[in-house]
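In case you want the letters, here they are:
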Amino acid sequence: MRESIGQDEYGSANPFDPDDLPNLNAIGPSAGSNDFEKYAVAVIIVFGALIIGGLMAASMTFGHRNGFLFALGGATAAWISGNALLLDRPRIYALFVGIAAVLLIGSTLTLVI
């Protein structure tokens with residue numbers, strides 16, 4: 001049984017199927033739902049959490065209270081910026097991303113100096 005445009009029996013698109021070459025434009029990005037943006041946001045969140053968590057852990061390990069508090073403040077500012085993004089407030093988002101960046105740089109400097 002032949003499946004719909006550009007899909008095999010498992011439901012995945014196969015743009016290299018020779019039978020579907022005339023329909024190749026019909027299965028492009030406009031027809032399907034490309035979730036690259038969601039994956040990019042997920043990667044940013046995961047690696048951001050790893051960096052902030054790593055700064056907190058390193059500050060606690062080396063006994064730098066100020067570094068831990070800077071990292072905690074950066075994490076809080078990043079969390080608030082995420083909420084501002086969800087509420088479609090780009091200026092507040094940019095402000096809190098900047099605050100988070102400054103606090104995390106401060107946390108890193110307390111470990112280095």
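Scroll up for the structure.
Here goes a summary of the coordinates provided.

Quick notes on the rules
- Residues numbered from 1 in each chain as written.
- Predicted model: local features only at pLDDT ≥ 70, side-chain atom pairs only at ≥ 80, totals over all residues.
- Heavy atoms only, no water.
- Helix = DSSP H or I, 4+ residues; strand = E, 2+ residues; numbered from the N terminus.
- Buried < 20%, exposed > 50% of the residue type's maximum accessible area, 1.4 Å probe, protein only.
- Contact = heavy atoms within 4.5 Å.
- Areas by Shrake-Rupley, 256 points an atom, 1.4 Å probe, with all protein chains shown as cover.
- Polar contact = N/O pair within 3.5 Å; in protein donor to acceptor, adjacent residues only side chain to side chain.
- Axes fitted to C-alpha atoms, helices over the stretch in contact; angles between N-to-C directions.
- Parallel < 35°, antiparallel > 145°, perpendicular 65-115°, else oblique.
- Left-handed = near helix turned anticlockwise from the far one by under 90°.
- Nonpolar A, V, L, I, M, F, W, Y, C, P; charged D, E, K, R; others polar.
- Patch = residues over 30% accessible without salt bridge, like charges linked within 9 Å, V, L, I, M, F, W, Y side chains within 5 Å.
- Salt bridge = Lys/Arg side-chain N within 4 Å of Asp/Glu carboxyl O.

What to know about the overall build of the protein chain
Step number 1: In terms of regular secondary structure, the protein chain is built from three helices and zero strands.
Step number 2: Counted from the first residue to the last, the protein chain has its helices and strands arranged as α-α-α.
Step number 3: Burial statistics for the protein chain: of 113 residues in total, 16% are counted as buried.
Step number 4: Within the protein chain, counting contacts between residues at least 6 apart in sequence, those at least 24 apart form 40% of the total.
Step number 5: Surface exposure of the protein chain reaches about 8600 Å², of which carbon and sulfur atoms provide 68%.

Section: unusual backbone geometry
Step number 1: In the Ramachandran plot, aspartate 88 falls in the positive-phi region, its phi being about 60° despite a non-glycine side chain.
Step number 2: Position of aspartate 88 among the secondary structure elements: in the loop between helix 2 (65–86) and helix 3 (90–112).
Step number 3: Judged by relative accessible area, aspartate 88 falls into the exposed class, the value being 61%.

Describing the side chain of serine 81
Step number 1: Looking at the secondary structure, you find serine 81 in helix 2.
Step number 2: For serine 81, a relative accessible area of 5% corresponds to the buried category.
Step number 3: With residues up to four places along the chain from it excluded, the contact list for serine 81 reads Tyr93, Phe96 and Val97.

Looking at the side chain of serine 107
Step number 1: Secondary-structure assignment places serine 107 in helix 3.
Step number 2: The class for serine 107 is buried, based on a relative accessible area of 0%.
Step number 3: Polar side-chain contacts of serine 107 include one of 2.9 Å to the backbone oxygen of glycine 67.
Step number 4: For serine 107, the contacting residues outside a window of four places in its chain are Leu55, Ser59, Gly67, Phe70 and Ala71.

Concerning the packing of helix 1 (residues 36–62) against helix 2
Step number 1: Viewed as axis vectors pointing N to C, helix 1 and helix 2 meet at an angle of 160°, and their least axial separation amounts to 8 Å. What the angle tells us is that helix 1 and helix 2 run roughly antiparallel. For the crossing formed where helix 1 meets helix 2, the hand is left-handed. Here Ile52, Leu55, Met56, Ser59 and Met60 of helix 1 come into contact with helix 2, specifically with Gly67, Phe68, Ala71, Leu72, Gly74, Ala75 and Ala78.
Step number 2: Among the residues forming the contact of helix 1 with helix 2, the class breakdown is nine nonpolar, three polar and no charged.

As for the packing of helix 1 against helix 3
Step number 1: Put simply, helix 1 and helix 3 touch, their axes get as near as 10 Å, and they point 30° apart. Here helix 1 runs over helix 3; the crossing is left-handed. Counting all contacts with helix 1, which are made through Ile52, Leu55, Ala58, Ser59 and Phe62, the residues of helix 3 involved are Leu104, Ser107, Thr108 and Leu111.
Step number 2: For the contact of helix 1 with helix 3, the class distribution of residues is six nonpolar, three polar and no charged.

Quick notes on a nonpolar patch on the surface
Step number 1: The grouping of Val43, Val46, Phe47 and Leu50 at the surface amounts to a nonpolar patch, some 390 Å² of accessible area in total.
Step number 2: For leucine 50, the location among the structural elements is in helix 1.

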